[in-house]
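# Reading the structure
Read off the chains here:
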Amino acid sequence: CQCLRLTLVQSQYVTCSAANSITFSGLDGDTDKLYLLQYYLKIGGPSAVTYSITLKPNNVATNQTAFSRTTSTTATTPNATTSTFVLASAARGSEYYTNVHISAYKAVQRVFSAESILYANSTVYLSEGMLSWNETSTNLTSIVLAGSSTGNFDVGSEFRLYKYTV
């Protein structure tokens, strides 16, 4: 019996000052095929408006289709299909606990599937999202999480990228 195990590829921590983006580089999606990105994110920013965090494979936002929905104790809200993968959208001080499952092999349409628990304004939300990356000729070599403003990755945020191994 061969079992899949998770092997840590990279970990990143926001320690001294808030960051504008988080980048995992040096990846080889054709070899590794499957990744798991886990993170705790505290949203930061210069004011109390809503900020967004997007996921960009190879730091591009093209050939993508994304869908998400959010559930609270009172309602489920399907969000519009978009051309970028918004992993987080909340006000400063909100906290996310997220798992992103990544199918990285270029021979097929690649899929990023995320589930998040969001704590914002004393309310807990469950968010699910999926990104289809329709680009099948380029190896996945990096994953960039980008904020919509400066300092969106607040101090205390933690990110870990794993690959599945046999």
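Please refer to the structure placed before this passage.
This section reports on the structure supplied with the text.

Parameters and conventions
Residues numbered from 1 in each chain as written. Predicted model: local features only at pLDDT ≥ 70, side-chain atom pairs only at ≥ 80, totals over all residues. Heavy atoms only, no water. Helix = DSSP H or I, 4+ residues; strand = E, 2+ residues; numbered from the N terminus. Rg over C-alpha atoms; globule rule 2.2 N^0.38 Å. Buried < 20%, exposed > 50% of the residue type's maximum accessible area, 1.4 Å probe, protein only. Contact = heavy atoms within 4.5 Å. Areas by Shrake-Rupley, 256 points an atom, 1.4 Å probe, with all protein chains shown as cover. Lys, Arg positive; Asp, Glu negative; His and termini not counted. Charge placed at Lys NZ, Arg CZ, Asp CG, Glu CD. Salt bridge = Lys/Arg side-chain N within 4 Å of Asp/Glu carboxyl O. Pairing = 2+ DSSP bridges. Axes fitted to C-alpha atoms, helices over the stretch in contact; angles between N-to-C directions. Phe/Tyr/Trp six-rings, centres within 6.5 Å; stacked < 30°, edge-to-face > 60°. Lys NZ or Arg CZ within 6 Å of the ring centre and 35° of its normal.

## Here's the deal with the overall build of the chain
- Of the regular secondary structure elements, the chain holds 1 helix and 12 strands.
- Helices and strands in the chain line up, N terminus first, as β-β-α-β-β-β-β-β-β-β-β-β-β.
- Computed over its C-alpha atoms, the radius of gyration of the chain comes to 16 Å, within 12% of the 15 Å expected for a compact globule of 166 residues.
- The C-alpha extent of the chain, read off along each of the three principal axes, is 45 × 35 × 35 Å.
- Out of the 166 residues belonging to the chain, those deemed buried represent 39%.
- By sequence separation, contacts in the chain at least 24 residues apart represent 74% of the contacts at least 6 residues apart.
- Carbon and sulfur atoms form 51% of the exposed surface of the chain, whose accessible area is close to 8300 Å².
- Charged side chains in the chain number 10 positive and 9 negative. The centres of these two groups are separated by 1 Å.

## Topic: the pattern of salt bridges
- Considering all chains together, one arrives at 4 salt bridges under this definition.
- In this structure, Asp30 engages Lys106 in a salt bridge whose closest nitrogen and oxygen atoms are separated by 3.3 Å. Within this pair, whereas Asp30 is found in helix α1 (residues 29–32), its partner Lys106 is found in the loop between β8 (95–103) and β9 (110–120), the two being separated by 76 residues in sequence.
- Its salt-bridge partner being Arg110, residue Glu135 comes within 3.3 Å of it at the nearest N-O pair. With Glu135 in the loop between β10 (123–133) and β11 (142–147) and Arg110 in strand β9, the pair connects residues that are 25 residues apart, well separated along the chain. Grouping residues by exposure puts Glu135 and Arg110 together as buried.

## Considering the sheet that holds strand β4 (residues 50–57)
- What the 4 strands build is an open sheet, ordered β2-β11-β4-β7; its pairing is antiparallel. In this open sheet, the two strands that pair with only one neighbour each are β2 (21–25) and β7 (85–91). Neighbouring strand axes in the sheet, compared pairwise and without regard to direction, differ in orientation by 10° on average.
- With 5 bridges joining them, β4 and β11 adopt antiparallel strand pairing. Counterpart to Thr54 in the pairing with β11 is Ala146.

## Some words on the packing of aromatic side chains
- Across all of its chains, the model carries 3 aromatic pairs by this definition.
- Between Tyr39 and Phe159 the ring centres are 5.4 Å apart and the planes differ by 35°, which places this aromatic pair in the tilted class. Note that Tyr39 is positioned in strand β3 (residues 34–42) and Phe159 in strand β12 (residues 158–165), a separation of 120 residues in sequence.
- Here Tyr39 falls in the buried class, since its relative accessible area comes to 5%.
- Geometrically, the ring pair formed by Tyr40 and Tyr97 is tilted, given 5.1 Å between the ring centres and 40° between the ring planes. With Tyr40 in strand β3 and Tyr97 in strand β8, the pair connects residues that are 57 residues apart, well separated along the chain.
- In this structure an aromatic cluster arises from ring pairing among Tyr39, Phe153 and Phe159.
- Between the NZ or CZ atom of Lys33 and the centre of the ring of Tyr105, over which it lies, the distance is 4.8 Å.

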